[in-house]
Every structure is written in structure tokens, then in C-alpha cells.
Amino acid sequence: MEKTEKARPCARRDRRDGAREHRRSSGSLRAVLADELTVIVPAYNEADSITDTVKSLLSQTTPPYRIIVVDDCSTDDTADIASDLGVEVVTPPTNTGSKAGAQTFALRQVETDYVMAIDADTTLETNAIELLAEVFDDPTVAAASGFVVPRHVHTVWERGRYVEYLYSFSFHKRVQDHYDKPLISSGCFSIYRTDVLCEIGGWSNRTMAEDMDLTWSLYERGWRVRFVPEAVCYPIEPHSLAFLSKQLRRWSHGFVQNVRLHWRGLLGQRYLRSVVAIGFFDAIVAPPLTLIGLPLLAWLVNPWFLLGYVIDLPVVAIPVLVGARRRGEVRTAMVSLVSYFPLRLANCWFMLRAVVTELVLRRPLLVYEKGH
Amino acid sequence: MTAGVPGLGLSGLFALLSALVLPALPRGSRRRRQVVPLFVLALVITAAVLGSWELISALVGTAGRDGKAVSISGQAGVPILVISLTLMCAVIGVAETLHLVVGLTPTPTPEAIPTACRRRDRVRLPQHRQWAIVARCDDLDAAVQRATQVRAMDVSDGRWRVVVAATGSSEVAVYARRVSAVA
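In this numbering scheme, every chain counts its residues from 1 along its sequence in written order. Labels follow written order: the first chain is A, the first ligand is 1, and so on. For a predicted model such as this one, the threshold for reporting local features is a pLDDT of at least 70, and the threshold for listing and counting side-chain atom pairs is 80 or more; totals across whole chains, interfaces and linings nevertheless cover every residue.

1. Examining the sheet that holds strand E3 (residues 172-178) of chain B
All names here are of chain B.
And then number 1: For two strands to be treated as a pair, DSSP must find no fewer than two bridges joining them. In this text, helices come from DSSP runs of H or I with a minimum length of four residues, and strands from runs of E with a minimum of two, each type numbered from the N-terminal end. Here 3 strands make up an open sheet; going across it, the order is E1-E3-E2 and the pairing antiparallel. The two strands at the open ends of the sheet, each matched to only one other strand, are strand E1 (131-137) and strand E2 (160-166). Strand-to-strand twist in this sheet, taken as the mean axis angle between neighbours without regard to direction, amounts to 25°.
And then number 2: Strand direction decides the pairing type here: E1 and E3, joined by 6 bridges, are antiparallel. Paired with tryptophan 131 across the two strands is arginine 177, which belongs to E3.
And then number 3: Sheet strands in contact with helix H4 (residues 140-153) are E1, E2 and E3, and its direction is about 25° off that of E3. Lines fitted to C-alpha atoms define the axes here, with helix axes fitted over just the stretch in contact, and angles between the N-to-C directions of these axes take values from 0 to 180 degrees. Once C-beta atoms are placed from the backbone, any two residues with those atoms within 7 Å are in contact.

2. Notes on unusual backbone geometry
Residues and elements named next belong to chain A.
And then number 1: Of note, asparagine 45 is a non-glycine position whose phi angle comes to about 50°, a positive value.
And then number 2: If you trace the backbone, asparagine 45 turns up in the loop between strand E1 (37-43) and helix H3 (50-58).
And then number 3: Residue asparagine 45 is classed as partly exposed on the basis of its C-beta count, with 17 C-beta atoms lying within 10 Å. Exposure classification rests on a simple neighbour count of other C-beta atoms within 10 Å of a residue's own: a residue reaching 20 or more is buried, one at 12 or fewer is exposed, and one in between is partly exposed. C-beta atoms are placed from the backbone.

3. Side note on the packing of helix H9 (residues 210-220) of chain A against helix H10 (residues 241-266) of chain A
Residues and elements named next belong to chain A.
And then number 1: Relative to each other, H9 and H10 sit at 10°, their axes nearing to 10 Å. When the axes of H9 and H10 are compared, the pair comes out roughly parallel. Within the contact between the two elements, H9 uses Met212, Asp213, Trp216 and Glu220 and H10 uses Gly254, Phe255, Asn258, Leu261, His262, Gly265 and Leu266.
And then number 2: A per-class count over the contact of H9 with H10 returns 5 nonpolar, 4 polar and 2 charged. If an angle is under 35 degrees, it is roughly parallel; if it is over 145, roughly antiparallel; if it lies from 65 to 115, roughly perpendicular; otherwise it is oblique. Ten residues, namely Ala, Val, Leu, Ile, Met, Phe, Trp, Tyr, Cys and Pro, are considered nonpolar, four, namely Asp, Glu, Lys and Arg, are considered charged, and the remaining ones, Gly among them, are considered polar.

4. Quick notes on the domain arrangement of chain A
Accessible area lost upon the coming together of the parts serves often as the stated size of an interface.
Residue and element names in this part refer to chain A.
And then number 1: With domains assigned, chain A is organised as domain 1 (1-33), domain 2 (34-240) and domain 3 (265-360).
And then number 2: The gap between the C-alpha centroids of domain 2 and domain 3 is 26 Å.
And then number 3: Contacts between the two partners involve 21 residues from domain 2 and, on the opposite side, 20 residues from domain 3.
And then number 4: Where the side of domain 2 that touches domain 3 is concerned, the elements lending two or more residues are helix H7 (156-178) and H9.
And then number 5: A per-element tally of the side of domain 2 that touches domain 3 places H7 first, with 14 residues.
And then number 6: Split by residue class, the side of domain 2 that touches domain 3 holds 13 nonpolar, 3 polar and 5 charged. Residue ranges labeled as domains rest on an automatic or database domain assignment.

Rendered as C-alpha cells:
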């Protein structure tokens, strides 16, 4: 056993603790954590958006110690643009085939205690890292994610996603966080403890939703995951049905794959097992009921059954408007509300396909197709 | 509800009930402050759900097809909320039963990734001295491991040589010496 590794780091730790206490009193503990933070930005043909992402990272109130852009063998100028911005660019020998692969490739080079994953099309509020890092003061927390708001809110799909996120992050995730079980630590912006992440093999590409897989794996190992609503990020969401299709295909298959993979392990998680069971039931029953049941009932019994498509408008609208009011975006939210319903139909369609393909036909989706 | 997963309403109902019982849960003071707005929000949503349901029931009840009143309250006049609650309890019951019957089986994880040496473990070699002790270890294996780590991370420019040496006591030390001094 190495004495210095026992004695010296302890001494160092004592000094650190002292310094931390001092900084805690001066309110800059988060700065210490950010100094131990490496950011991984997986990028494949992200020349249009990488500049905004890197600039947003560099302009943080507590800039990270290191930013690694993983150029996953792009065919455009992503690597050159990132290099010109002064950040480190690493390139795998061949395309890793998925976001998870690119992130795990860079994870081997991380020397800091904390590592952050951010999508190459995502920007942050200037204090996002500072706020998110705060929860790691608790040694039982292994991951934390923030509030996600679409950067552009123009098309019907972007507006629908805007409402969906406001609903989910203003209400559902906050409730889940109080039970210490956010369903997922969003892959587009999350911070993790490096040692814990390495121990469970980094981001796995065994499912299409690597962030859900990772979150549930952390729960199974007894770690806590936190949701910090004050830390806001802005990804670019699909503006067209073509892009949306790729994303929803990944998400829906990813959800089903993760339930299949983790269900036995999740049975030990009291609150989470109920959330996942109900979510899975919804995922199986809602699509056929929405796409087939309601139109049939409206046609055969009474047209009023079409109200079923919008019956939960008040349930959705209230958290959305509350969330939008906090952000000063009530008008945008009101205009966007109606777009939530076509998006939900699209969700239903892709979830129906995923359930049939994964569970009935037993043909899992294995190829990661980049959308947004 | 999670983004991308369509909701039938059970997820929303479960979240609503979870929020409504939050004040009854024992929590720290910081979190308790955050519970109040969430609880109020859940109350407002509940009121909106009940209100909108009453409105729809009234509309449908008075304007059925061909002027005939239609009940959408479910079979035998059971309110839809009761049906939803029953369904939700049944799903939760299935999960609880599975927990008891099937038991817990941890999900296998991929192989661990070898971690890079932490930045804080790096050695700062002195500028003005010819040698420095970088570690004292209990056994040779630990000393060799530490020396390898220091070689890889801190003295890769070739100006220092890392030496493992036994000391007078039972410990093994790892020294770093300037190459010029070694010569």
C-alpha cells in the first residue's frame, strides 16, 4: 500500500476541505467543482452548430478545466472549426457509430473528477455548469441534469417539443426529483462523477437511449441522480418531420430496449419501478387507443369521443404556462400549445412501431441514425 | 411522462398523486421549501382536471348524436377517473407482485473503463533541485505502480528519471532525479 497515497492526499484533502469550507463560506464551492470538470462534446458533421456550443462553454461563469470535442470522423469542417476555437479535438480511428461510442472514446482521457456530456447542437445559460455542479457537494450523487428548452421555436414540431419539454421539466421531473428518482439524466446536458462512470463502462451503445441506460444503471448501483431546474440548456430540436422521425425512432426503441434490459434490476427501486411500469403501460396502450381506438369510437359511437385527443389540455397547459411564466415566455407557450397534439400523435406512431418491432417481431433497432 | 413517450394519462395521474402526497413525506428543510409550489401546482391541475371533466360531461350529455344524450362516464356509469385510478393501481400492483415473485436481478454492465490518472495525483517536480521523493510505499509493487504512473504522466520529457529504492525502514520510496544528476 502506498503511504503517500494515503498520507499525502489525505493531507491534501484536509487542505482542500479547509479551502472548500472557506470557499463555501465565500460562495464559490461550485467554482472548485467546475475546476475539476472535463466537458465531452461528441460531434459528427456539426459544423453549423459547434461554434455556438463551444462559445457557450467558454463563456460559463465557471469555465470547465478542459473541453474535448470528439470529431467522430466528420465529413465537414467540424474539427477545424473546433480547433480554431481553441479547444482540444480528438478523432477516433474510425467512426464509432453512435454518440455513446464517441463519448466513451473520450472518457478514457478524462483526468478530472467530474465529466460533462453535452450535445454539439446545445448551448447553455452562462451559469448552467455552476448551478449543476452544486449538487455534487453530496457524495451520494453520481449524475445531475438540467432543464431543457428548445433553442428555436418556429415550426409546429419545434413548438410541440417546446410544450412537451416545459410540461415534463416543469412538473414531472420536479416531482420525480423529490422522490430522488428522475427518470432520466438527459444526454444533451449532464454531469457525472468520472470514477463511477468509468466503473460502469461509460456510455453504452447496447440500447438506442444511452442516457436512460446510464441513469438506470446508476440507480441500480445505489447512486443518486438529481435534476436541477435552474440549470438551463438549449438544444436544437428537429424542425421537420424527417428529422423528428429519426429522433423519435431512436427514443421509442431506446425506451423499449431499456425496459427489456433493466426491468429485473429496477424492481428494487421503489418509486422508479412504478414510474417505469406506468410509462411502459402507457407506451403500449396509448398508441393503439389514440391512433385506432378513438377514431373508431368517434365513427361508430359518437363524434364527441374525438375530445379524447385534447381532453388533457388543462393538465398540460397549466404546468406549461407556469414554466413559461418563469421564463417570461407566456405568449410563445400559448401560441405553441396546439402544436403539442400533432407531436403526440407522432410519438404514438413511433412508439407503436417500436413496441411491435421490438417486442412482437423481435427485431431490435441496432443502427444509430443521427437526427438532432 | 417522458419526452417521446406518449401518455394515456396514467403517467400524468401518477405524477399528480405523487405531488399531492409530497407534503406528507419527511424531507430536509431546503426541499420542503420547494415542495410548496409543486403541491400548489398539483392542486391547481387537479381542480382543472375535475373542472374540465365536468364541462365535457355536460357538453356530451346535452349534445349526443341525433339529439340523444350519451354517457362517456364508462361502463355502468363509473366515472372515468375511478377507472383510471383502478387501472393505475393495477399496473403498480403488477410491478409490486413482480418484485415479490421474480425478485431482483442486477442488470449486467459493460466492462469497466480504465481511468486516466487524476489530475490532482500528478507530481510537481521542483525546478531548483536535482532530486525529489514523489512517493513512499509499503511494498515494492505499489512503488513500481506509482513509478510507472509518474513516468507516464509527469516525466515524459526525458529530463527526469524515476527510481524505486528501498529505504532503511520497511518502506519503498519512489525518487525522481534529474537526468544530468544521474549522469
